[in-house]
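# Structural overview
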Amino acid sequence: MNSLIDKYNIPGPRYTSYPTVPYWDESTFSPEKWKESVIKSFHETNSKEGISIYIHLPFCEALCTFCACHKRITKQHSVEIPYLESVLKEWQLYLQLFDEKPKLKELHLGGGTPTFFSPENLKKLLTGIFNTVEIAEHPEFSFEGHPNNTTREHLQTLFDLGFRRVSFGVQDYDPKVQKAINRIQPFEKVKEVTELAREIGYKGVSHDLVFGLPHQHWDAMEYTIRKTLELKPDRLAFYSYAHVPWVKGVGQRGFDENDLPSGEEKRRLYEDGKKLLQDLGYIEVGMDHFSLEHDDLYQSLIHKKLHRNFMGYTSSKTQLMVGLGMSAISDSWYAFAQNVKTVEEYQQMVEEGKIPVVKGHILNEEDLIVRRHILNLMCQLETTFDIENSFPELENAFEMLKEMENDELVEIHNNQIKITEKGRAFTRNVAMVFDLRMMRNKPETRIFSMTI
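We now turn to the structure provided with this report. Everything quoted here is computed from the prediction, not taken from an experiment. (Residues numbered from 1 in each chain as written. Predicted model: local features only at pLDDT ≥ 70, side-chain atom pairs only at ≥ 80, totals over all residues. Heavy atoms only, no water.)

## Here we look at helix 8 (residues 218-231)
Taking 1.5 Å as the rise per residue, helix 8 with 14 residues should run 20 Å; its terminal C-alpha atoms sit 20 Å apart, in good agreement. Taken together, the buried positions of helix 8 are Trp218, Ala220, Met221, Thr224, Ile225, Lys227, Thr228, Leu229 and Leu231. Close packing links the buried residues of helix 8 with strand 6 (165-171), helix 7 (187-200), strand 7 (204-211), strand 8 (235-240) and helix 9 (263-279). With its phi angle positive at about 50 degrees, Lys232 sits one or two positions after the end of helix 8. (Helix = DSSP H or I, 4+ residues; strand = E, 2+ residues; numbered from the N terminus. Expected span 1.5 Å × (residues − 1). Buried < 20%, exposed > 50% of the residue type's maximum accessible area, 1.4 Å probe, protein only. Contact = heavy atoms within 4.5 Å.)

In structure tokens form, the structure reads like this:
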């Protein structure tokens, strides 16, 4: 395995989209084309499957130095109401594009720290949206909660509004690791909010763990996993730390790179962690996610309904996902669009009556085909591919797949490519074989985290 890690541990995307953001072609994109794609997608799918909304709530009281998200650090809670008013105004701009009431299937509050906002203000935001939509049958409403500031009032208010899933960012219980990443939260606090959520009635509690953080070693990682399993969350995200200190504003400067585990050490954290999780009843779903058998994520996997988008893996799929808030990304299937990345510019554009997108990509026919294959690999670990009637560049890709087959990472039967159990750790590498835009424009500088 170590020789495979040396061979395949290269920078690569996480494929929450295809094309990935660095390869968006902004020369063919415009806000008008984006609106046209939203209208098209809405007409095709609203009555049947509904739409998803992602709301980016970017404020945090302190900077976690492992975080690569767009956020704003402040302790001034006076920012809450003006920001939420802007989000509701942005939603009104999207409503003007629709000729019937949207059917809301999925809604997620991400961050930043959504529980930075008071329960009362979150209720105002969500009531403002719910008053304009029809709630679909069996909706999926979820939010990210910080264990240190998620209160009973947060949990109860959101539960009363229809939320049934909550994800708590645990990361690691080792005090030395917590200090390095500036995320001090004791196990007792996580236990308290997990039990509170279950007491109130949440059907899905998820914990996020991260491997590859500074000062992590297996003994401490094992301790974190075993403490987590005392609480038996319904699902777990076991993420690889993405070290991208060159990205402006991420704040990954709280430790020295020499403090990070080597590629081999990091892989052991994952492999031994995965084995421990599986021994204790968790099933691997897609890439870096685990769930208990009763959870919707596993059920969607076995029924081949697992989906992946900018929110990660989801158990329900909608073609249209509208991202609201600073830096939020939207997906109409035919196009992507990202909002401006500062709070001030976001609020100004919304006040001017403009959907606040700053960049995007219109998918061409080739993009749509490749996107489907990568989505199949990321969600089902297999895809069916006709190399003879496809794009010339993929003939070279097929040779790369043959090499991966020799390394026992994939199996190829006629036109079917299937990732093996051994190859799961290299899922991103297999998907990269199909990434035509990256093949044609190899990055001269590093723009992605390492795949392993």
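## Here we look at the sheet that holds strand 18 (residues 410-413)
Ordered by their spatial adjacency, three strands build an open sheet running 17-19-18, and the pairing between neighbours is antiparallel. Among the strands making up the open sheet, the edge pair consists of strand 17 (382-384) and strand 18. Within the sheet, the average angular offset between the axes of one strand and its neighbour, ignoring direction, is 10 degrees. Note that strand 17 and strand 19 (residues 416-419) share three bridges and pair antiparallel. Looking at the pairing, Thr383 lines up with Ile417 of strand 19. Helix 12 (residues 365-380) rests against strand 17 and strand 19 of the sheet, and its axis sits at about 145 degrees to strand 17. (Pairing = 2+ DSSP bridges. Axes fitted to C-alpha atoms, helices over the stretch in contact; angles between N-to-C directions.)

## Description of the side chain of Thr383
Following the sequence through the fold, Thr383 ends up in strand 17. At 2.9 Å, the side chain of Thr383 forms a polar contact with the side chain of His373. Apart from residues lying up to four places away in sequence, Thr383 is in contact with His373, Asn376, Leu377, Asn415, Gln416, Ile417 and Phe434. (Polar contact = N/O pair within 3.5 Å; in protein donor to acceptor, adjacent residues only side chain to side chain.)

## Regarding the pattern of salt bridges
Evaluated as defined, the whole model comprises 28 salt bridges. Taking the shortest distance from any N to any O, the salt bridge between Arg267 and Glu271 comes out at 3.5 Å. Of this pair, Arg267 and Glu271 are both found in helix 9, four residues apart, which corresponds to roughly one turn of the helix. Taking the relative accessible area as the measure of exposure, Arg267 reaches 4% and is therefore buried. (Salt bridge = Lys/Arg side-chain N within 4 Å of Asp/Glu carboxyl O.)

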